[in-house]
Amino acid sequence: MTLMAEPSAEGRFGEFGGRFVPETLVPACQELETAFADAWSDPVFRADLDHILRTYAGRPSMLTECKNLGDQLGIRLVLKREDLNHTGSHKINNVLGQALLAKRMGKKRLVAETGAGQHGVASATAAALMGMECKVYMGAVDVARQELNVFRMKLLGSEVEAVHSGSRTLKDAVNEAMRDWVATVETSHYCLGSVMGPHPYPYMVRQFHRVIGDEARAQSIELMGDVPDVVVACVGGGSNAIGIFSGFVDDRTRLVGVEPAGGAAVTRAQPGVVHGMRSYLMQDEYGQVQEAQSISAGLDYPGVGPEHSYLASIGRAEYPNVTDAEVIDAFQLLARTEGIIPALECAHALAWIVRAAPEMQGQTVLMNLSGRGDKDVAQMMEVLGK
Ligand SMILES: *Cc1c(COP(=O)(O)O)cnc(C)c1O
């Protein structure tokens, strides 16, 4: 029996998850649940997806051993290179899966939310590949902050709508995308960007990302003769982390998901309901959802996927947090020692490894390098000075 089985019929992982949506969205969630179950058990769908992942996204992604930095830290450090995927991160695994599923369901249009714009770009990419229309909702504040990604989405043929409600950021974009989906469900699929939202999203998105963990487990055994002692990943909504954890959850491997100090939903451990799910989330004393704050826009989500709350609650995975200052150091450290510029998101995972290395001497540590740092170079130029 695996710890990462299917959730219960109501989409619960322990006391987390579920489907907290208005009546009007229930049929759409049910249709998706059935369609995904059908597709996932169909060898033809799985072979089609596997083919696209290999010939378009560039899978399998390789493992890279970091000899220089590992020696410096006194550990054996290995990276899972999701940064080498097409569009530069793990996000492509999920969007290609959902777009292929949407097509199979006869949908002609994708709806997506995006914060920093990375999931929007990935969705626009998948839509272009599959010949579908795509509309991306993005908070007006983020539209102004992320000009380049807005332009990328337009180049890829997608429409970008700036959302002016609420705080005009990611959580408002999610609400608008859900509203669009309710109104257009006959023709549209909501391509959600992480392991969050109402059932079946947390389960479905995890299944689309398990390829990271399945590959990494086999590659670790080939490289090191065993599973690693520790697996580390950053956590925004938690999709890249759950993807790599899924390969090792039934092993002896220690699982560590690293959050930003300004968005430490699991550390606070206050359950609440947001965006259709029950999970740990950042809220004030009145239960109002708070804005997360982080140097990395991709981790600015106030909650965490329900399966992470579950893994934390049963003590199977741990969720420490790191400061922006530690992240800035880690970002430069990987560049200088290994010639790899990481995305600021996964620099969080490395920051924790640097901090914890004195207690992990001689251990094997596998880190998910969820994305490349090209998108963050201009921001870091401002932080560090030219
Ligand atoms: C979006 C993003 C994340 C955060 O999303 P998760 O669902 O927590 O994985 C992490 N790393 C990169 C490179 C991203 O683009």
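Structure's up top.
Here's what I pulled together on the structure shown here. Predicted, not measured: the structure shown is a model, and the values here were computed from it.

Digging into the overall build of the protein
Then, in step 1: Counting its secondary structure elements, the protein contains 15 helices and 15 strands.
Then, in step 2: Here the C-alpha radius of gyration of the protein, 19 Å, is about what a compact globule of 386 residues would show, namely 21 Å.
Then, in step 3: For the protein, the spread of C-alpha atoms along the principal axes amounts to about 55 × 50 × 45 Å.
Then, in step 4: Buried residues in the protein amount to 59% of all 386 residues.
Then, in step 5: Summed over its atoms, the accessible surface of the protein is roughly 15000 Å², and 51% of this surface lies on carbon and sulfur atoms.
Then, in step 6: For the protein, the separation between the mean place of its 35 positive charges and that of its 47 negative charges on side chains is 2 Å.

Section: helix α13 (residues 324–338)
Every α-helix winds through 3.6 residues per turn, so residues three or four apart in the chain are directed the same way.
Then, in step 1: The end-to-end C-alpha distance of α13 is 21 Å, a good match for the 21 Å that 15 residues give at a rise of 1.5 Å each.
Then, in step 2: Every buried residue of α13 is accounted for by Val327, Ile328, Ala330, Phe331, Gln332, Leu334, Thr337 and Glu338.
Then, in step 3: Among the residues trailing α13, Gly339 stands out with phi positive, at a value near 70 degrees.

Focus on the pairing of strand β6 (residues 133–139)
Then, in step 1: Taken across its seven residues, β6 has six buried, putting it largely inside the fold.
Then, in step 2: Where strand β5 (residues 109–114) meets β6, six bridges bridge the pair, whose relative direction is parallel. What sits directly across from Ala112, in β6, is Val136.
Then, in step 3: With helix α5 (residues 118–130) bridging β5 and the parallel β6, this β-α-β connection has right-handed handedness.
Then, in step 4: Two strands pair when backbone bridges link them, and β6 and strand β7 (residues 159–163) are joined in this way by five bridges, in the parallel orientation. Residue pairing for β7: Lys135 is matched across the bridge by Glu159.

Focus on the environment of Met178
Then, in step 1: Along the chain, Met178 turns up in helix α8 (residues 170–184).
Then, in step 2: Judged by its relative accessible area of 12%, Met178 falls in the buried class.
Then, in step 3: Here the alpha-carbon distance between Met178 and Tyr310, two residues 132 residues apart in the chain, equals 25 Å.
Then, in step 4: Setting aside anything within four residues of it in sequence, one finds Met178 in contact with Leu25, Tyr190, Pro198 and His275.

Remarks on the site of the ligand
Then, in step 1: Around the ligand, the structure places 17 residues, and the nearest of them are Lys91, Ser194, Gly236, Ser239 and Ser370.
Then, in step 2: Between the ligand and the protein, one listed contact pairs an oxygen atom with a backbone N or O atom of Gly236 at 2.7 Å.
Then, in step 3: At 2.8 Å from an oxygen atom of the ligand is found a main-chain nitrogen or oxygen belonging to Gly238.
Then, in step 4: Considered on its own, the ligand offers 390 Å² of accessible surface; in the complex 96% of this is hidden by protein.
Then, in step 5: Of the residues that constitute the shell around the ligand, the class distribution is four nonpolar, eleven polar and two charged.

Concerning the sheet that holds β5
Then, in step 1: Taken in spatial order, the four strands line up as β7-β6-β5-β8 in an open sheet, and their pairing is parallel. Looking along the sheet, the strands with just one partner apiece sit at the ends: β7 and β8 (188–190). Put simply, the sheet's adjacent strands are angled 25 degrees from each other on average, direction ignored.

Digging into the environment of Val235
Then, in step 1: Inspection of the secondary structure puts Val235 in the loop between β9 (230–234) and α10 (239–245).
Then, in step 2: The residues touching Val235, leaving out its near neighbours within four places in the chain, are Ala241, Gly257, Val258, Glu259, Pro260, Leu299, Val304 and Tyr319.

Some thoughts on the packing of α5 against helix α7 (residues 147–155)
Then, in step 1: Relative orientation of the contacting elements α5 and α7 amounts to 10 degrees, with a least axis distance of 9 Å. Here α7 runs roughly parallel to α5, going by the angle between their axes. Taken together, the residues of α7 that come into contact with α5 (itself represented by Gln118, Gly120, Val121 and Ala124) are Asn149, Arg152 and Met153.
Then, in step 2: The residue makeup of the contact of α5 with α7, split by class, is three nonpolar, three polar and one charged.

Quick word on the state of the cysteines
Then, in step 1: Evaluated as defined, the whole model comprises zero disulfides.
Then, in step 2: Take Cys29: it sits in no disulfide, and the sulfur closest to it among the cysteines is that of Cys191, at 14 Å.
Then, in step 3: Not part of a disulfide, Cys134 finds its nearest cysteine sulfur in Cys191, a span of 7.6 Å.
Then, in step 4: Here Cys134 falls in the buried class, since its relative accessible area comes to 6%.

Some remarks on a nonpolar patch on the surface
Then, in step 1: Judged by side-chain polarity, Phe151, Leu155 and Leu156 come together as a nonpolar surface patch covering roughly 320 Å² of accessible area.
Then, in step 2: For Leu156, the location among the structural elements is in the loop between α7 and β7.

With respect to the packing of helix α4 (residues 91–104) against α5
Then, in step 1: Where α4 contacts α5, the axes come no closer than 9 Å and their chain directions differ by 40 degrees. By the angle class used here, α4 and α5 are oblique. Where α4 crosses over α5, the handedness of that crossing is right-handed. Note on element contacts: α5 touches α4 through Gln118, His119, Ala122, Ser123, Thr125, Ala126, Leu129 and Met130, opposite Lys91, Ile92, Asn94, Val95, Leu96, Ala99, Leu100 and Lys103.

Each value, and the rule that gives it
- Residues numbered from 1 in each chain as written.
- Predicted model: local features only at pLDDT ≥ 70, side-chain atom pairs only at ≥ 80, totals over all residues.
- Heavy atoms only, no water.
- Helix = DSSP H or I, 4+ residues; strand = E, 2+ residues; numbered from the N terminus.
- Rg over C-alpha atoms; globule rule 2.2 N^0.38 Å.
- Buried < 20%, exposed > 50% of the residue type's maximum accessible area, 1.4 Å probe, protein only.
- Areas by Shrake-Rupley, 256 points an atom, 1.4 Å probe, with all protein chains shown as cover.
- Lys, Arg positive; Asp, Glu negative; His and termini not counted.
- Charge placed at Lys NZ, Arg CZ, Asp CG, Glu CD.
- Expected span 1.5 Å × (residues − 1).
- Pairing = 2+ DSSP bridges.
- Right-handed = clockwise from strand over helix to strand, strands pointing away.
- Contact = heavy atoms within 4.5 Å.
- Near = heavy atom within 4 Å.
- Polar contact = N/O pair within 3.5 Å; in protein donor to acceptor, adjacent residues only side chain to side chain.
- Nonpolar A, V, L, I, M, F, W, Y, C, P; charged D, E, K, R; others polar.
- Axes fitted to C-alpha atoms, helices over the stretch in contact; angles between N-to-C directions.
- Parallel < 35°, antiparallel > 145°, perpendicular 65-115°, else oblique.
- Disulfide = S-S within 2.5 Å.
- Patch = residues over 30% accessible without salt bridge, like charges linked within 9 Å, V, L, I, M, F, W, Y side chains within 5 Å.
- Salt bridge = Lys/Arg side-chain N within 4 Å of Asp/Glu carboxyl O.
- Left-handed = near helix turned anticlockwise from the far one by under 90°.

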